[in-house]
Structure formats: C-alpha cells, structure tokens
Amino acid sequence: MKKTVYLLALTALVASCAPEKKPEMALLNAKDFEATVDGKEIELFTIKNNDIAAQVTNFGARIVSLFALDKDGEYQDVVWGYESIDAYLKATDKYSGPVVGRFGNRIGKGQFTLDGREYQLSINDGENHLHGGAGGFSTKIWDAKQLNDSTVTMSYFSADGEEGYPGNLTITLTYTATADCALKLTYSATTDQTTIINPTSHAYFNLNGTSDNAMEHTLMIAADSFTPTDKGLIPTGEIRSVAGTPLDFRAATTIGERIESDYEPIVFGGGYDHNWIFSKQSLEHPQVRLYSAKSGIEMIMYTDQPAVQFYSGNFMDGIDTGKRGDKHNYRTGVALEAQNYPDAPNHDNFPSSVLKIGETYTQTTIYKFSIRK
Ligand code: GAL
C-alpha cells in the first residue's frame, strides 16, 4: 500500500505538467491544409506528447498551433496562426510561424563578400534583405514525414543562386513534442559550396491565446548586451551593454513597461525589435523566460544559438484574420527568434555564419512550458 502511494506521488512529480482532467484542445482540421502548390502536397501534421501538442505544416516548415496547459487546466493555443492553407496563402502577414532563411533577419543592402567574391541577395525590406528574401524558406513547400506520434521531420533543397545565395544547400528540421512539455526544433544543413546560413523559427507567442495584448507578459532575456542598429535595423557593428537601458531584461520585466521609451534603439524599432547577445552561449541555460500571470503559463527558451531577436509585433496591423476569428492586431504576439546576429556576414566582430563544404550546420532550440500559480 505504502509502495503504491509512493509510486503515485513519484508519477505526479515526473509528470508535473500533467492535468488531473483531460481538457479539450482546439485542434485544426488536417483537411483544411490539403493543397497542391507547385506540384507539391501541403499537409498539416499533429504531434503530441503528454500535455504538449503542436500542429505544423510543410508550407514554410511552419508552426500553426501549439497547445500548453494554463493554470485552470485548460489548453491555450499559444501561437498566432491561420485555420487553413488558403488563409495562409492569402494573408498579408508572411511570417507567422515559419522557418525563415537561408539567412533569417537582415543583411544590409543584401550584400556580402565570401572568399573574395561579392554577392548580391534579393532586396525585400526597404534597401535590405530580410528573412531570406521574398522567396525565402518560409514560402517553400518542404518534404515532410511524420516519424511517430511526437515527431515530424522536414527538409528543403535550396538551389545554388536561390535569392542570390551561393551553393546548393539541403536543410532538415525536426519538430519533436517532448515528454517534459516542450517543443524541440533540431536543424541541420549541408552545402556543396561555401555559403552563409542563419535559419530561425518565427512563431508569434501569446501565452493567453492568440488574440490578447501580449504587452502584459513578463520577459527575461539572459543577455548583457545587444547590437544597436541604424534606422533600417541594420547593426552598426557596436556591441552595447543593456545596463541602464530599456533593453535590460536580465530581471523579468513587463514588456509594455518601457516600450514607449524615447531611447533611440526603441524609436528605430518602433518598440522592441533587437538582437540580444546571450551572456553565456549554452543549451543548458534558460536564455529567455516569457510568462503571463493571466494564464499562469511560462515558456522557457533554451537554445545553442548565440543570440535572440525579440520582436514585439510592432508591424502587426489587424488586417488579417487568424484562428477562431482573432485579429492580427498590434503587439498581440511576440517573436523570440534564436539566431546568429543580424548582418553577421558584414561584421568581423560577430560570430561567423559561414558554412563550408564538408561541414554540417546544426541548431537546437527548445520552447518548454510549465504552469506557475
Ligand atoms: C522580425 C523582424 C521585424 C519584422 C518581422 C516581420 O523578425 O525583426 O523587423 O520584419 O520579423 O514582420
């Protein structure tokens, strides 16, 4: 008897994110994602493990829905998205949930030099290159396969010259719903010619469900410094301390508290839209903590990347209608993009984003959920 009680207690501890009752999950219908585009089939996959579930599509290797339990034992869908492939294809907003690349974030004037040769990438953001260009990874139909209930793997072949990038590149991304309530993203890529690479996931999180103002969330970023930019959000090359600035998130702070500051980087970003450099690059450290007191959900981001772009949804404009009729309103979601620094190919003092023949690019990023009451 004693043994049974002990075992039950142990089970409760191990499955600390498990609910006492099984609440409903507003899963989207896979049928609404069936389409053939450019001769390739688009699909929606559902992966689950204990109390985490995600829906992902091979259109842009995109996270469509992500379910985590709130403090009342209900599931909240904590990412912005649309309920059908038609809605995704029609949306003016192109960056809800996909993997962006070959080089996520910006490259000044789309130019860089590699092995003495100058390259010109496509231009799609003022005079700059953003998120791999207008035809970047987020617009492609990836080859996808569900490996088991909790794992989907996707790959994409990016031909030499696509959007101006050198080298045939093959990238693979595996989404895994893990037993400890996390969604894990593991990337790998190889090339047949020296190239640059910096893919990242561009999910918009809102821990109350997707229609709420996200500015009440608290945020912690384990970063002592950031990379200031010009007005076009291209890094100047300076690495500046966050101390004494509205970008100091070393202690958890409500996002909205300092977002209207007249500090020049905040003005340039129209809010938060900056690259924070982690104080210590390590997959073992909680690098980012996002928390909503309203839902009680906390999300911790672990990543082996050196930095994160925290973007507070300043360009969200309410034009598009998402899941359950939600409006894509101003600052209703925040992106936390694990990555190398923007414009890295043009700054010798930034970590290298160069990938050579025979090398394998890898990245692991984990979004882990728990409840704080
Ligand atoms: C972010 C970027 C923003 C904006 C957004 C997409 O990653 O930092 O400036 O371009 O993507 O709307």
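Read on for an overview of the structure. (Residues numbered from 1 in each chain as written. Predicted model: local features only at pLDDT ≥ 70, side-chain atom pairs only at ≥ 80, totals over all residues. Heavy atoms only, no water.)

With respect to the side chain of Q363
Here's step 1: With respect to the element layout, Q363 can be found in strand β29 (residues 361–371).
Here's step 2: According to the relative accessible area criterion, Q363 is buried, its value standing at 1%.
Here's step 3: Within the structure, Q363 has its side chain in polar contact with the side chain of T365 (distance 2.8 Å).
Here's step 4: In contact with Q363, other than residues within four places in its own chain, are L185, T186, Y187, P199, T303, D304, Q305 and A338. (Helix = DSSP H or I, 4+ residues; strand = E, 2+ residues; numbered from the N terminus. Buried < 20%, exposed > 50% of the residue type's maximum accessible area, 1.4 Å probe, protein only. Polar contact = N/O pair within 3.5 Å; in protein donor to acceptor, adjacent residues only side chain to side chain. Contact = heavy atoms within 4.5 Å.)

Some remarks on the site of the ligand
Here's step 1: Taken together, Y95, R106, L130, H131, H202, Y204, L233, D273, Q309, Y311, F315 and E337 form the complete shell of residues around the ligand.
Here's step 2: Protein contacts shield 92% of the accessible area of the ligand, which totals 310 Å² for the unbound molecule.
Here's step 3: Its residues assigned to classes, the shell around the ligand comprises six nonpolar, three polar and three charged. (Near = heavy atom within 4 Å. Areas by Shrake-Rupley, 256 points an atom, 1.4 Å probe, with all protein chains shown as cover. Nonpolar A, V, L, I, M, F, W, Y, C, P; charged D, E, K, R; others polar.)

Focus: unusual backbone geometry
Here's step 1: Of note, the amide linkage connecting G101 to R102 takes the cis form, showing an omega dihedral of 15 degrees.
Here's step 2: Within the secondary structure, R102 sits in the loop between β7 (99–100) and β8 (106–107).
Here's step 3: Even without being a glycine, K109 presents a positive backbone phi close to 55 degrees.
Here's step 4: When you line up the elements, K109 lands in the loop between β8 and β9 (111–114).
Here's step 5: Of note in this structure, C181 is not a glycine but carries a positive phi near 65 degrees.
Here's step 6: Its location among the elements puts C181 in the loop between β14 (169–178) and β15 (182–191).
Here's step 7: Its relative accessible area of 3% is what places C181 among the buried residues.

Details of the sheet that holds strand β6 (residues 75–77)
Here's step 1: Strand order in the open sheet made by the four strands is β3-β4-β5-β6, with antiparallel pairing throughout. Each end of this open sheet is capped by a strand with a single partner; those strands are β3 (44–49) and β6. Each strand of the sheet is rotated relative to its neighbour by a mean of 20 degrees, with strand direction disregarded.
Here's step 2: Note that strand β4 (residues 52–57) and strand β5 (residues 62–69) share five bridges and pair antiparallel. Bridging across to β5, T57 finds its partner in R62. (Pairing = 2+ DSSP bridges. Axes fitted to C-alpha atoms, helices over the stretch in contact; angles between N-to-C directions.)

Any link to function would need more than the numbers given here.
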